Structure formats: structure tokens, C-alpha cells
2 protein chains.
Amino acid sequence: MAAQNWEAEAQICRDILDKSIQKQWVLPEDLLPSPEQTNVLDVPRKSGMLTETELQITETDATGLLEAMAKGTWTAEEVTIAFLKRATIGHQLLNYATEFMAEEALAQARALDAHFRSTGKIIGPLHGVPISTKEMVSFKDRITHTGYISRISNVAKEDALMVRTLRNAGAVFHVRTNLPQTCMHLDCDNNITGRTRNPHNVRLSPGGSSGGEGASIGFRCAALGIASDIGGSIRLPAAFCGSYGLRPTTLRTPWGGVGLAGEGQEAIRCTLGPITNSLRDVDLFMKAVLGGKPWEEETSLVPIPWKEVSPTKDFTVGILWDDLMGHPHPPIQRAMKTAVEKLKEAGIKTKDWAPYKHEHGMRIISDLFYPDGAETQISALKASGEPWLPLTKEAFLKARKMTIPETWELNLEREAYRTEHRLLMKEQGVDFILCPAYTGVAAEPHEARYFAYTAIWNTLDMPGVVFPTGLKVDPKLDAVETGYQPRSPQDEAEYRSYAPEKFVEAPIALQLVGNRFEDEETVAAAKIIEEIILA
Amino acid sequence: MAAQNWEAEAQICRDILDKSIQKQWVLPEDLLPSPEQTNVLDVPRKSGMLTETELQITETDATGLLEAMAKGTWTAEEVTIAFLKRATIGHQLLNYATEFMAEEALAQARALDAHFRSTGKIIGPLHGVPISTKEMVSFKDRITHTGYISRISNVAKEDALMVRTLRNAGAVFHVRTNLPQTCMHLDCDNNITGRTRNPHNVRLSPGGSSGGEGASIGFRCAALGIASDIGGSIRLPAAFCGSYGLRPTTLRTPWGGVGLAGEGQEAIRCTLGPITNSLRDVDLFMKAVLGGKPWEEETSLVPIPWKEVSPTKDFTVGILWDDLMGHPHPPIQRAMKTAVEKLKEAGIKTKDWAPYKHEHGMRIISDLFYPDGAETQISALKASGEPWLPLTKEAFLKARKMTIPETWELNLEREAYRTEHRLLMKEQGVDFILCPAYTGVAAEPHEARYFAYTAIWNTLDMPGVVFPTGLKVDPKLDAVETGYQPRSPQDEAEYRSYAPEKFVEAPIALQLVGNRFEDEETVAAAKIIEEIILA
């Protein structure tokens with residue numbers, strides 16, 4: 001591809017997006033919020049574009065929708081229309097979509113309704129649930145570019161296994177969502193679709209790399225979102241956008257048909273997982289995915305169905321206040337303190353947890369991301385001549401090129417680190433670790449850099465759930481910490497990035513992590529903790 | 001290490017071995033078989049060195065021993081002594097041991113007996129079961145050299161996780177066993193301990209790389225053996241020596257503390273598994289290993305306990321007669337035909353199974369073994385200056401050095417191949433595949449080369465069980481096939497390697513493979529098939 005043509009290539013995708021938008025649901029100019037309005041969550045209601053039922057539908061979580069459809073209260077078609085309408089408005093405000101698939105979604109919804117009318121039964125555990133999907137997840141005959149203009153030529157021959165699995169469960173796919181250039185930022189901007197905004201504050205980043213999904217679920221453009229995480233890409237957007245997100249243990253959810261430069265790199269695996277509007281929806285999603293037995297096709301997956309676990313309060317939560325590399329901002333500190341107080345009051349055992357060799361763990365993951373010196377990613381960028389976004393440079397230019405035996409050495413270090421961490425938790429009797437998901441509540445565009453609160457658990461391959469605490473940034477309570485002495489230039493940059501006025505009303509999320517393959521237990525514990533915190 | 005010193009280094013291990021042999025159990029010269037006697041299995045009985053009870057003990061499988069010890073019929077100490085005696089004679093005849101651990105074994109057995117006397121109960125699922133262990137599996141304060149003289153300096157800081165897990169289950173470790181130079185031959189010879197012989201015919205190789213374990217279990221020097229397999233190293237020795245062997249799906253059994261040049265290479269994983277004297281002992285072993293929850297320390301393991309599966313004859317066996325690259329020798333053909341006839345008579349569904357892209361699969365595994373051009377292995381050899389055995393040259397000199405992205409490409413090919421194979425089996429309704437484990441029944445020393453009947457299942461990561469058919473080579477029935485037109489030089493070499501007189505009385509084994517992670521189902525099906533074949 002000639003370098004000068006990159007804009008023309010990008011235009012192909014922009015045209016696809018434009019054509020896919022259902023014009024009848026686009027908000028007229030006069031109903032758009034003023035440029036001063038940063039929180040746009042009230043627009044669907046205030047605009048009058050959605051009926052009361054449509055508002056109710058789109059404000060119901062997937063589990064609730066399913067119950068309503070199983071009872072015949074709502075049809076799959078009306079649910080799909082409601083979400084398509086809200087998704088269209090959401091895109092106007094947040095620029096989070098890469099492509100709508102309205103026709104297919106509606107056709108599928110009608111087929112589901114026909115099935116329900118004739119049998120009186122829903123077709124599967126996701127019957128009629130509208131799902132938004134990160135662009136990297138392939139749909140047959142559609143482009144999968146994963147944030148690279150050079151990959152716009154890549155048209156999928158079939159649906160990703162995740163899509164096929166969930167479609168079999170009754171899911172409806174109505175919109176694909178944005179991701180950053182290269183898909184390796186904590187932000188969500190690229191040369192194709194441009195920058196996605198945060199629904200709680202459009203001046204902020206929705207997080208990344210699954211920023212489109214963060215915006216989609218945060219604005220309730222879909223009932224469930226499919227995102228991916230190799231260093232925090234599910235959890236950060238969920239945290240920034242006030243949603244729930246699970247990065248499952250790797251090798252649980254299907255990966256076939258997902259694009260990502262560096263495919264075949266297995267030392268640190270990327271994994272798909274959900275962004276949702278409730279914790280019970282995380283269960284719903286995972287149960288549906290694993291109920292489809294994706295391991296019967298993708299044999300690298302572990303054949304463990306989503307286990308039912310009985311909730312119990314008899315567990316010990318390790319409290320990781322600070323990883324000693326990136327000092328949490330005042331709102332995060334406040335949420336941690338509030339949570340711990342409430343947990344103690346509720347009789348949950350807590351215990352301070354000191355970060356165990358996080359610097360070491362971050363070196364391992366950073367090196368294993370790009371052991372070829374990021375040549376794969378750099379060539380994919382160079383192939384189109386598209387300009388590099390600032391965070392792209394930061395990601396790749398530090399990449400250390402290694403020999404194959406050096407990567408093996410790192411694999412061994414990673415395994416040893418995982419074992420040590422696991423044994424330490426066992427020794428200390430800690431079942432889960434509660435910690436921030438990020439130094440702050442969100443980041444300004446192009447400023448999301450610190451990923452050690454999420455990526456350390458990717459190094460350790462421990463499942464992590466992010467959930468909103470119900471708290472929001474409050475300048476009165478969350479003043480800049482005076483007298484804090486940063487421990488490094490990185491720590492100082494994180495410290496300086498906070499000012500309460502930038503993040504007013506931003507939701508405050510926390511993260512709970514558990515042992516490898518104890519995804520179900522971690523979600524169950526998060527439910528109990530959430531209930532206590534929200535009480 | 002100066003090159004000229006390699007003999008001195010080797011001598012360290014030879015001295016350790018010599019000193020560890022219990023001299024009171026060594027067979028006097030006059031009781032040794034004549035040089036003409038090739039099958040030495042009758043020596044323990046004929047020599048008179050073992051009592052009738054000791055013969056009975058050593059001819060009982062582990063499950064039977066456990067039952068006897070649980071009833072108090074035999075003590076752990078007498079069981080251990082019986083096996084130590086037989087193991088000592090076995091070593092004289094077969095040169096299979098690298099080190100005896102008689103004192104520790106006896107001390108442990110006595111402790112188990114004390115426990116049993118005071119509680120009336122066995123301590124765990126392997127109470128008092130004497131286990132032989134391939135040298136690469138570490139024991140605290142002992143050398144782990146894995147077939148490299150340069151690694152004789154490597155003294156383990158702790159027991160391997162497998163050893164700790166089984167010791168907790170009550171196992172007694174009394175002898176460590178030989179492996180080939182570099183641990184990457186299908187044979188069992190090195191510059192340290194020398195060549196191990198096959199108990200059925202001392203002129204033949206016991207197979208490899210777990211040849212010491214093949215000899216140990218074939219001669220009943222131990223009740224169970226711990227071996228490893230990355231391309232056939234459990235299954236070939238089991239087949240050559242008339243024993244049973246399971247190569248489990250990877251990531252089921254613990255690997256921590258096992259030595260192998262190229263540690264950290266994860267594209268094709270080596271895995272530990274058992275060589276046994278019965279199929280029920282495979283269950284016993286796996287249940288004990290997984291019952292120890294090794295994933296609570298080695299977090300890469302999949303937390304699936306050994307499942308109880310109810311035996312059923314309702315399955316379909318694909319029959320892989322010939323992989324079209326290495327034509328099976330007449331005894332193997334006969335065993336396959338006999339098996340299929342009996343299965344059909346017994347009402348088991350069978351179906352011819354054409355090899356699916358085996359050449360492609362073998363290219364993938366061969367490339368992924370040594371993506372650094374075998375530099376790691378070659379440096380480990382060069383570090384001591386020890387001479388290369390012929391099979392070492394053959395293994396490494398073909399190794400293709402790749403870039404890191406080229407290895408990723410191969411990982412993707414491997415995954416695609418696994419998916420295609422799995423879907424094809426599903427489409428054809430085939431649950432298991434019955435096939436040879438090797439072109440022949442065994443190989444002459446330094447002549448075992450053909451590993452595609454086992455390694456293809458490593459590429460696919462499908463569990464494989466090898467079991468004896470009860471048949472033996474019979475020159476009258478197994479004449480050289482006349483008029484066979486070899487399909488390649490490799491095929492011709494395999495064809496020419498057969499002559500019935502070389503393999504007289506060698507046991508004939510077959511292999512059953514199943515889907516990834518369906519280890520339990522595969523063993524259960526093998527039990528049913530074995531029963532039918534032996535009937």
C-alpha cells in the first residue's frame with residue numbers, strides 16, 4: 001500500500017460506518033447537548049427519542065431482559081430496536097462504533113421472536129440479548145483491522161468462534177466498537193474512526209483498549225459487550241465508564257477469529273471477556289460462552305464449564321492499597337478506605353497485602369509483549385504509512401528485542417513468579433485481593449499510561465473483576481494530596497495527572513482478583529463485596 | 001569445563017551409582033544368564049535371590065499392592081525390599097538405573113508401616129508403592145543431568161513437585177533411571193551411564209527417551225514409573241518393553257523441578273506421565289497426582305481432578321492402519337488386524353481413519369522442538385566436550401533456526417491443525433483412534449528413529465495410551481512383507497529395519513488416542529479394548 005493512500009483506506013471503513021447508521025434514529029442537531037455538557041448519560045431520556053419502554057429496556061441488565069423476554073413481556077425485536085436507537089445516539093455523542101449491523105440484528109431478533117411464538121420458549125441463554133463487540137472480533141465478510149490501516153484489507157472468512165458460540169445461545173449482534181491504533185493503548189483513538197469519548201465526561205478517555213465497549217456499555221448501547229484484555233483492556237474501560245468487567249483466566253473463552261498483530265504469541269495471552277451492567281450479567285455471559293463448549297473446536301481451551309458457586313462470606317480479602325510504583329489518586333484512596341471499612345463492619349476478613357515483586361512482574365510482561373522488538377506491530381504500521389499516535393510510540397519504542405532462548409528464560413521467570421505469588425497468598429491465607437484498577441478514576445485523552453494495577457494480574461494470569469463502588473469524584477472529598485513525595489518520575493507523572501475538577505462526577509471503580517481458574521469464585525466474592533459496599 | 005574433563009565428570013555419576021547399589025542383592029556371576037540368553041525376564045525367579053513372596057510382590061501391580069498393604073497382608077518395608085532386590089538384579093542385566101535410593105526408601109517404608117500400625121490405615125493413595133523415576137525428575141541434593149555431562153554440576157535444591165506430590169500420597173522412591181544423551185532420542189544411551197537394554201531381548205533398545213523406565217517397569221523393578229513424553233518418550237519405552245504408558249494431555253501433571261535443555265519452550269510441552277504394569281495403575285497414578293492439587297503451586301496446570309468415568313462400549317474407534325509415511329512392520333499389522341476383528345466381534349464400532357496431514361503435523365513439531373536451531377542443546381553439549389551420539393546428530397543437525405515471529409506463525413499452524421483434526425473426528429463420529437505406537441515392536445540400539453506414530457499426537461496434544469496386546473513376534477506369522485514398495489527413503493529405512501529373527505518374542509503393543517483433556521475417557525476405552533483383545 002502506498003503511504004499516501006492510508007487516508008483512502010481509512011475512508012473505506014468510515015464509509016462503511018456512515019452507511020450503517022440508521023438515519024431515522026440520529027438525534028437532530030437541536031437535541032444534541034451543549035458543548036459545555038460533559039456528562040451525556042441523560043441525553044437518551046431528555047431527547048425524547050426513546051419511548052418510556054425503550055428507556056426501561058435499555059436500562060435493564062441482560063439477565064433482566066432475558067427474564068422479560070422469557071415471559072413474553074418484551075420481544076427480541078423491540079429490545080433490539082431500543083438498543084439500536086440508544087446505540088445510534090450514543091455513537092453521535094461518543095464516537096464509539098465502527099459499524100452497525102442493524103439489518104442482520106433485526107432479522108435475527110424476528111427469527112427469535114418467531115421461535116418464541118411457536119414454542120413458547122427462548123432459544124438459549126442469551127435469547128435476544130443485544131451485544132456490542134470490539135472490532136477485533138471477526139464477523140464473516142466484514143473487515144477486521146484491529147486498529148491498523150494496513151489491515152483494512154483483511155476481510156473475515158467466517159465469524160469468530162465467540163460470535164458463533166453466542167449466536168447459538170441466542171445473542172443478537174448489532175454494533176461493532178472502536179479500539180485504539182494497534183489495540184495496544186489504554187486509550188481509544190486511531191486514524192480510522194478517531195477518538196472515542198467517555199459517557200460520564202466526554203472530555204475524558206473511555207479507557208482502552210476496549211474503549212468502544214466501555215462507552216457502549218457505559219451508555220447502555222448494548223446489554224452486554226465483548227471486549228479483550230492482555231494488560232487491562234477490559235478492566236480499564238469498565239472502570240473508566242462505570243461498568244463491570246471480567247478479565248477471565250486465559251484459555252477459558254474462545255479466541256479463534258480475533259485479530260491482533262502478534263497473533264501466535266502465547267507467553268502472555270490476550271483473552272476475550274465481558275463488559276456488563278451488572279455482576280450477574282458476568283455470570284450470564286460466561287455461562288453462555290462455556291455452555292457452548294468452545295473447546296470442542298478450539299482445543300487449546302480448558303474444558304471447564306462455568307461452575308455454580310454458592311456465595312459465602314467466609315473468605316479473606318487482601319487489601320492492596322498501593323503497588324508502590326503508581327500512587328493511587330485521592331478518589332481511589334477514598335473508595336478503598338470506604339470499602340475496607342464496610343467490609344470489616346460486615347464481618348469480612350481483610351488483611352493488608354503488600355505488593356509482591358510488581359516491578360519484576362511488570363518487566364516480565366512488558367518484555368513478553370514484544371519480544372521481537374515490536375517488529376510485527378511496527379511493520380503492520382509501516383505497511384500503510386499511517387502516522388503514529390503518541391501512545392503507539394510509547395508502547396513500541398521501549399520494546400526489547402530478544403533471542404528465542406531469552407524468551408524461554410522469561411517464561412520460566414513468569415512461571416516462578418506465579419508460583420511464588422500463589423504460595424504467598426496461601427501462606428497468608430488470602431483468597432482474593434482488592435485493589436485499584438488504575439491510579440485514577442479515568443484519564444484524559446492520550447494520557448492513559450499506567451497499567452500495572454491491571455497488567456500485573458495478566459502476568460500472574462489471575463482473573464480480575466472490576467466493579468463501580470457507587471462513589472463518584474467529589475472535589476470536596478478528593479482534593480489533591482499535598483506533600484506527597486513521588487517515588488519515581490512515573491509516579492510523579494501519575495501524581496500530577498490528577499486534579500479533581502478534571503474528573504468531576506467520574507465513577508470510582510475497584511478491582512477484585514482471585515486465583516487462576518477461580519473466576520467463578522472471584523465473581524461470587526465480588527458480588528458479596530459489591531452488596532456490602534453499596535449497602 | 002575443559003573438554004578433556006568430561007570423563008571425570010561422568011565418573012562422578014558412575015561412582016554415585018556404584019556406591020548406591022546394595023551389594024548384598026547383587027547376583028553372583030554364576031547366577032547370571034548366559035550371553036546367548038536374550039530374554040532375561042525369568043532371571044529373578046530362576047536365580048533364587050527372591051523369596052516366593054518377593055516374587056509375588058514384584059509381580060503384583062500397584063493397585064494390588066496397595067490393597068494388600070491396606071489389609072496388612074504385606075508391609076511397606078517388605079514390598080520395598082522386594083522391589084529393591086529385583087531392581088538391583090534388573091540393573092545388573094539391563095543397566096537401567098542411574099542411582100538407587102535404598103536407605104531413604106526403606107526409612108520411608110518403615111515410617112509408613114509405623115503409621116499403619118498405629119492407625120490401621122494407609123497414609124494415602126500410593127501408600128508404600130515403590131516408584132522408579134526418570135533421571136530428569138529432581139530429588140533434593142542430588143544431581144539432575146538429563147543426559148548432559150555439562151549438567152552434572154546441577155544439584156537440585158528441592159524435590160520436583162511430582163515427587164513431593166506423590167510422596168505426600170505415600171509413594172516410596174527407590175531408584176532413578178536412565179535416559180539418552182540430551183533426552184531427545186527414542187533410544188537410551190549416553191556418555192554417563194551407558195546403554196540400557198530391553199528386558200524382553202537385551203540386544204534391543206528399551207526405547208526412549210524414558211528407556212530406563214521402560215526397562216524398570218518391564219522387568220518389574222518398580223510398581224510404577226514416572227516418565228516424560230514430548231514426542232513419544234513415555235509411549236515408546238512402554239511399547240518396546242511390554243508395559244502400559246499414558247502420555248497425558250499437557251498441563252495436567254506437574255512439571256516443576258524437571259530438567260530438560262530448552263526449559264521455557266512452551267510451544268510443544270513435555271509432560272510427565274506413568275509407565276505401569278496395568279491400566280488400572282494408570283488411573284491410580286493419575287488420581288494420586290491430581291488428588292494432590294499440584295495446580296495450587298504450579299499455576300499453569302489445569303485444575304481438573306482425575307474424573308471417574310463409567311465404562312461404556314458405546315464409542316467409535318477410528319482405525320489408523322498406516323500413517324502413509326512409515327509403513328508398520330508385519331507384527332504390528334497383525335496386531336492391528338487381530339484387534340479390529342475382535343473389536344468388531346465384540347460389537348465395538350470401528351471405522352477406518354485416514355491420517356490427516358501427518359506430514360504437516362510432523363513438520364510443525366519438528367520445527368517447534370528447536371526453533372533456536374537447537375543452539376541451547378548444542379551449547380549444553382559443547383560445554384563439556386562430550387562426544388555426540390549418532391542420534392544426537394540426527395536430532396539437532398536438521399533443526400531450523402527461526403525468528404520469533406516465525407515461531408508465532410507455527411503456533412498458529414499448530415492451533416489450526418488441532419482444530420481441523422478435532423472437527424474432522426467430530427464430523428466422522430470418531431471418539432478414539434487406534435494405531436501403532438511405532439513402525440515396529442522395538443528397535444535395535446541406536447536405530448530408533450521413527451516417531452510420527454507418537455509425536456503426531458504431541459503436535460495435536462491428544463492423550464495417548466499404549467498397551468500390550470498379549471501378542472508376541474512370531475517369525476512364522478510375521479515374515480518380511482515381500483513386494484512392498486517404500487514411499488520414501490525414510491519409509492524404506494523403516495521397512496529394511498525389520499527382520500523377524502531380530503525381534504523374536506518381543507511384545508506387540510498398540511496405542512489408543514483420544515481428544516485433548518479426555519485422558520480419563522481414553523484410559524477407560526483402552527481398558528475395554530484391552531479386555532476384548534485379551535479375551
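Residues numbered from 1 in each chain as written. Chains lettered and ligands numbered in written order. Predicted model: local features only at pLDDT ≥ 70, side-chain atom pairs only at ≥ 80, totals over all residues. Heavy atoms only, no water.

Visitor: Kindly report on the UniProt feature "domain: Amidase" (unreviewed entry) in chain A, identifying the contributing residues and their values.
Guide: UniProt's entry tags residues 78-522 of chain A with the feature "domain: Amidase" (unreviewed entry), counted in the numbering of this structure. Taken end to end, residues 78-522 of chain A has its terminal C-alpha atoms 34 Å apart, with 36% of it in helix and 13% in strand. (UniProt positions renumbered as here; feature names shortened; annotations may be inferred. Helix = DSSP H or I, 4+ residues; strand = E, 2+ residues; numbered from the N terminus.)

Visitor: Report on the side chain of Glu297 of chain B, specifying residues and quantitative values.
Guide: Among the secondary structure elements, Glu297 of chain B is positioned in the loop between α10 (279-291) and β7 (316-319). The buried category is assigned to Glu297 of chain B, whose relative accessible area is 16%. Beyond its immediate sequence surroundings of up to four residues, Glu297 of chain B is in contact with Thr419 and Leu423 of chain A together with Leu161 and Arg164 of chain B. (Buried < 20%, exposed > 50% of the residue type's maximum accessible area, 1.4 Å probe, protein only. Contact = heavy atoms within 4.5 Å.)

Visitor: Go over the UniProt feature "active site" (unreviewed entry) in chain A with me, naming the residues and quoting the values.
Guide: Residues and elements named next belong to chain A. Mapped onto the present numbering, the UniProt feature "active site" (unreviewed entry) falls at Lys134, Ser209 and Ser233. Spanning 100 residues, the named residues form one tight spatial group whose C-alpha atoms are at most 10.8 Å apart. Under the relative-accessibility criterion, Lys134 is labelled buried at 0%. With near-sequence residues (within four places) excluded, Lys134 lies in contact with Thr177, Leu179, Cys183, Ser209, Ser210, Glu213, Ile226, Ala227, Ser228 and Ser233.

Visitor: Outline helix α4 (residues 62-71) of chain B, listing residues and values.
Guide: Residue and element names in this part refer to chain B. Of all 10 residues making up α4, 7 are buried, and the element is well covered by its neighbours. Residues of α4 that are buried include every one of Ala62, Thr63, Gly64, Leu65, Leu66, Ala68 and Met69, and no others. Summarising the contacts, the buried residues of α4 are in contact with α3 (52-58), α5 (76-94), α6 (102-119), β2 (130-134), β4 (224-229) and α10. Phi for Gly72, located one or two positions after α4, is positive at around 85 degrees.

Visitor: Help me get a handle on the interface of chain B and chain A, residues and values and all.
Guide: Contact with chain B, which involves 35 residues of that partner, is made by 35 residues of chain A. Across the interface of chain B and chain A, roughly 3100 Å² is buried in total on both sides, 60% from carbon and sulfur atoms. The three residues of chain B that bury the most area against chain A are Thr299, Ile404 and Trp408 of chain B, which together make up 22% of that side's buried surface. Across the salt bridge formed by Lys426 of chain A and Glu296 of chain B, the nearest N and O atoms sit 2.9 Å from each other. (Buried area = accessible area lost by both parts, 1.4 Å probe. Salt bridge = Lys/Arg side-chain N within 4 Å of Asp/Glu carboxyl O.)

Visitor: I'd like a description of the pairing of strand β9 (residues 432-435) of chain A, backed by residues and values.
Guide: Residues and elements named next belong to chain A. The alternating pattern of β9 places Phe432 and Leu434 on one face and Ile433 and Cys435 on the opposite face, and all of these are buried. As judged from the 3 bridges shared by strand β7 (residues 316-319) and β9, these two strands associate in the parallel manner. Bridging from a neighbouring strand, Ile319 pairs with Leu434 of β9. Strand direction decides the pairing type here: β9 and strand β11 (residues 507-514), joined by 4 bridges, are antiparallel. Directly across from Phe432, in β11, lies its bridge partner Gly514. (Pairing = 2+ DSSP bridges.)

Visitor: Which residues make up the sheet that holds strand β11 (residues 507-514) of chain B, and what values do they have?
Guide: Residues and elements named next belong to chain B. Read from one edge of the open sheet, 11 strands run β1-β3-β2-β4-β6-β5-β10-β11-β9-β7-β8, paired in mixed fashion. The sheet is open, and its two edges are formed by β1 (97-100) and β8 (349-352), each paired on a single side. Across the sheet, the mean angle from the axis of one strand to that of its neighbour is 30 degrees, orientation sign disregarded. Relative to strand β6 (residues 271-276), β4 runs antiparallel, the two sharing 6 bridges. Bridge pairing links Asp229 to Thr271 in β6. Relative to β11, helix α11 (residues 330-345) is tilted by about 60 degrees, and along the sheet it contacts β7, β8, β9 (432-435), β10 (464-472) and β11. (Axes fitted to C-alpha atoms, helices over the stretch in contact; angles between N-to-C directions.)

Visitor: Break down the domain arrangement of chain A for me, with residues and values.
Guide: Residue and element names in this part refer to chain A. When cut into domains, chain A gives domain 1 (6-26 + 49-296) and domain 2 (316-534). Placing the centre of domain 1 and that of domain 2 at their C-alpha centroids yields a distance of 24 Å. Domain 1 puts 51 residues into the contact, and the matching count from domain 2 is 61 residues. Taken as a group, Arg235, Ile268 and Leu279 account for 13% of the area that domain 1 buries against domain 2, more than any other trio of residues on that side. (Domains from an automatic or database assignment.)

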